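Examination of the molecular architecture
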Amino acid sequence: AIAGTLGITAGDPVLARRRVMYADGTPVQLATSYLPLDIAGGTPLAEDDTGPGGTYSRLADLGYPPAQYREVTRVRPPDDTEARALQLDPDHRVYDITRTASTRDGRVVEVTLIVLPAHQWELDTEWDAG
């Protein structure tokens, strides 16, 4: 599904960035971003620290500024790996968010899968890229 969203063939190489975010020592978010290798390969996007402004600033530097974002959010139980990483009981629920970032001409330049413990977050999202 991610390959199709990125406009590539399943099995084509991508740059994947995986992160666990913490607040006061507590894991609060898992995020895995997928970027097309023809854009991100060999760039600061492949570094641990992408620099000021993060991924979206680096995409802009490379000529692919995100102009539109879309998020699809679901609520579900965590899988075993997520429950361990986020220190959750199996009966907890998580927000499962798929975010896509697209350029003005519609090219998807990033797909990010985000998992948040539902009891730690309230979601209210609205934004323009500009």
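Scroll up a little and you will see the structure.
What comes next concerns the included structure. These numbers were taken from a predicted model, which means no experiment stands behind them.

1. Looking at the pattern of salt bridges
For the structure shown, the criterion picks out five salt bridges. Across the salt bridge formed by Arg99 and Glu71, the nearest N and O atoms sit 2.8 Å from each other. Of this pair, Arg99 sits in strand β4 (residues 94-102) while Glu71 sits in strand β3 (residues 68-76), and the two are 28 residues apart along the sequence. With a shortest N-O distance of 2.8 Å, Arg76 and Glu82 are connected by a salt bridge. The exposure class of Arg76 is partly exposed, given its relative accessible area of 22%. Judged by its relative accessible area of 10%, Glu82 falls in the buried class.

Definitions and cut-offs
Residues numbered from 1 in each chain as written. Predicted model: local features only at pLDDT ≥ 70, side-chain atom pairs only at ≥ 80, totals over all residues. Heavy atoms only, no water. Salt bridge = Lys/Arg side-chain N within 4 Å of Asp/Glu carboxyl O. Helix = DSSP H or I, 4+ residues; strand = E, 2+ residues; numbered from the N terminus. Buried < 20%, exposed > 50% of the residue type's maximum accessible area, 1.4 Å probe, protein only.

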